[in-house]
Amino acid sequence: ETKKKSRFEIQTLTSWLLKQEQSGHIDAELTIVLSSISMACKQIASLVQRASISNLTGVQGAVNVQGEDQKKLDVVSNEVFSNCLRSSGRTGIIASEEEDVPVAVEESYSGNYIVVFDPLDGSSNIDAAVSTGSIFGIYSPNDECLADIDDDSTLDQAKERCVVSVCQPGSNLLAAGYCMYSSSVIFVLSMGKGVFAFTLDPMYGEFVLTQENIQIPKSGKIYAFNEGNYQLWDDKLKKYIDDLKDPGPSGKPYSARYIGSLVGDFHRTLLYGGIYGYPRDKKSKNGKLRLLYECAPMSYLVEQAGGKGSDGHQRILDIQPVEIHQRVPLYIGSVEEVEKLEKYLA
Ligand code: AHM
Ligand code: MG
C-alpha cells in the first residue's frame, strides 16, 4: 500500500541531505560542508536582492589576481562563502576566484574537504538586477597541504603543496553545484547520483526539493555564445554558428539566448537543452572561463544529467589543471549539440 503524500509534506535540503547520509551516499562531514555552502548561498541571495538598497552596487576599487575589477558584492560574497566554510570546521583547503592562491584552513575539526568556488559569478549583471550565481566543487580530503609549517618547510612550500592538492581533474569531484540568484533562488546539486534542484522558499527561508534526477534533453535548438566576439573566432567555429542560423530551406534556425551569466545560461541549457559556449579567440587563447571553479563543476553536473562538457576536443573532466586560475574553452549542453560542434572543430 503506497502512502498518500500529504500536501504539507515538503522535503528541505537539510532533511534531504540527512537522508543521503543515512543511506550511506555521503558521510557526516560532507553533509556539514554542503549545508554550510547552502547557508552561504542564502546569505548571498539576500545580499544580492538588497544590493541597491544597502549601497552594495558598483566596484570595490580593487582588481583581483586575474586583472578583473572586483565588484563590492564579489568581495562580500567571497567573505561570506569563506566564513561559512571555515566555521563548518570540515574544510581543509579552499580556493576561490577572488583569492590569489588557495587557502589552508587553520583549524579544521575533521573532514578536511577541499572546496573550490566562484562566490559570485556573472557579477557584471548585478547593478541591473540580472541573474548571477555561485558555483562550487568539492574534492577529497588531502592532508599534504595541512602538514604543519613548523617543520623545516616554509610558508611558500606549504602554499605550493596547497596548489598541488587543489589542482585535481574534475573527474575526482565528489560533489558540485551552483546557486542561481534569479526570479527564484535555485540550488542545484549533484553528489554523483543524479542532479537535484531545490528552490528557496522565501516564506520559510529554506531550500525545498523541487526537481529530482534532472535529465538534459538530448538535443535543443538554443545556442548561447557571446557573438560580439565573432570576428575574433576561428573559421571552423564561425561556420558552426553560421549553420545554426541558416539550416537551409527545410529547417528552422536556432534561437539565440545569452545572459552573460554562466549559472543562468547553464541552468536554462540544463532544463531546455541546447548549447552554451565560451570559445578561445584571437585575444584570449584559452577563452575566459576558469577550469577549476567554473568549467569542471558545470561539466560534472551536465554529465550527471546525461549531457556533455567539452573544450571542443576533449572532455573537460579529464583535464588535469596545472594552475588554480587556469582558463579553458567551454562547450556544454545537450549531447547531440556538443558532439556536432566537436565535429566542426575537428
Ligand atoms: P566572472 O566570473 O568575472 O563573473 O566572469 C564569468 C562570466 C560568466 O558568468 C559568463 O558566462 C561570462 O563571464 C560572460 O563573459 P562575456 O561578458 O565576455 O560574455
Ligand atoms: Mg566567475
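Refer to the structure above for everything that follows.
Residues numbered from 1 in each chain as written. Chains lettered and ligands numbered in written order. Predicted model: local features only at pLDDT ≥ 70, side-chain atom pairs only at ≥ 80, totals over all residues. Heavy atoms only, no water.

**Focus: the site of ligand 1**
What counts, and what does not: Here a residue counts as near a molecule or strand whenever at least one of its heavy atoms sits within 4 Å of it. Any pair of N or O atoms that falls within 3.5 Å is considered a polar contact. Within protein, one atom must be able to donate a hydrogen and the other to accept it, and sequence-neighbouring residues count only if both atoms are side-chain atoms. The method behind every accessible area is Shrake-Rupley, applied with a 1.4 Å probe, and residues are considered shielded solely by the protein chains displayed.
Around ligand 1 sit 17 residues, and of these Asp121, Tyr258, Leu262, Tyr276 and Tyr278 come closest. Contact distances for ligand 1 include 3.4 Å between an oxygen atom and a side-chain N or O atom of Asp118. About the coverage of ligand 1: the protein hides 84% of its 470 Å² of free accessible area.

**Section: helix H2 (residues 28-49)**
In plain terms, the rule: For helices the rule is a DSSP run of H or I covering at least 4 residues; for strands it is a run of E covering at least 2, with both sets numbered from the N terminus onward. One less than the number of residues in a helix, times 1.5 Å, gives the span that helix is expected to have. To sort residues, take the accessible area from a 1.4 Å probe on protein chains only and compare it with the maximum for the residue type: under 20% means buried, over 50% means exposed, and anything in between is partly exposed.
If you check H2, its first and last C-alpha atoms are 32 Å apart, about what 22 residues at 1.5 Å a residue would give, namely 32 Å. Turning to H2, its buried residues are Leu30, Thr31, Val33, Leu34, Ser36, Ile37, Ser38, Ala40, Cys41, Ile44, Ala45 and Val48. Here H2 starts with a cap whose side-chain oxygen sits 3.1 Å from the backbone nitrogen of Glu29, and that cap is Asp27.

**Remarks on the packing of aromatic side chains**
Selection rule: Two aromatic rings, drawn from Phe, Tyr or Trp (for Trp, its six-membered ring), form a pair once their centres lie within 6.5 Å of each other, and the interplanar angle then sorts them: stacked below 30 degrees, edge-to-face above 60, tilted otherwise.
Inspection of every chain in the model, using the stated rule, returns 13 aromatic pairs. Geometrically, the ring pair formed by Phe225 and Tyr240 is tilted, given 6.4 Å between the ring centres and 55° between the ring planes. With Phe225 in the loop between strand S11 (222-224) and helix H5 (235-245) and Tyr240 in helix H5, the pair connects residues that are 15 residues apart, well separated along the chain. The two residues Phe225 and Tyr240 agree in class, both being buried. Ring plane angle 75° and centroid distance 5.3 Å describe the contact between Tyr240 and Tyr344, whose orientation is recorded as edge-to-face.

**Structural notes on the pattern of salt bridges**
Quick note on the threshold: The term salt bridge refers to a pairing of a side-chain nitrogen on Lys or Arg with a carboxyl oxygen on Asp or Glu at a separation within 4 Å.
Summed over the entire model, instances satisfying the criterion amount to twelve salt bridges. Across the pair Lys239 and Asp243 runs a salt bridge, and its minimum N-O distance is 3.0 Å. With a gap of four residues between them, Lys239 and Asp243 both fall in helix H5, about one helical turn apart. Judged by relative accessible area, which is 45%, Lys239 ranks as partly exposed. For Glu342, the salt bridge identified is with Lys308, shortest N-O distance 3.4 Å. Residue Glu342 is found in helix H8 (residues 335-345), and its partner Lys308 is found in strand S14 (residues 308-310); the two are separated by 34 residues along the sequence. In this structure Lys308 comes out as partly exposed when scored by relative accessible area, which is 24%.

**Some details on the state of the cysteines**
Just so we agree on the cut-off: The rule for a disulfide is simple: a pair of cysteine sulfur atoms within 2.5 Å.
Counting across every chain of the model gives zero disulfides. There is no disulfide at Cys41, and the cysteine sulfur nearest it, in Cys179, is 4.3 Å away. Among the cysteines around Cys295, which has no disulfide bond, Cys167 carries the closest sulfur, lying 14 Å off.

**So, the nonpolar core**
Spelled out, the test is: We call a set of buried Ala, Val, Leu, Ile, Met, Phe, Trp, Tyr and Cys residues a nonpolar core when their side-chain atoms join them within 4.5 Å. We call two residues in contact when some of their heavy atoms are within 4.5 Å.
By size, the foremost hydrophobic cluster in this structure holds 40 residues, and its most contacted members are Ile37, Ile138 and Phe187. Counting residues per element, this core draws most heavily on H2, at nine residues. Those residues within four positions of Phe187 in sequence are excluded, and the remaining contacts are Leu13, Ile37, Ser38, Cys41, Phe136, Tyr178, Cys179, Phe196, Ala197, Phe198 and Phe207.

**Focus: the sheet that holds S14**
Applicable threshold: Strands were regarded as paired on the criterion that DSSP finds at least two bridges between them.
Pairing is mixed in the open sheet, where five strands are placed in the order S12-S11-S13-S15-S14. Each end of this open sheet is capped by a strand with a single partner; those strands are strand S12 (255-256) and S14. Here two bridges tie S11 to S12, and the two strands are oriented parallel to one another. Bridging from a neighbouring strand, Ile222 pairs with Ser255 of S12.

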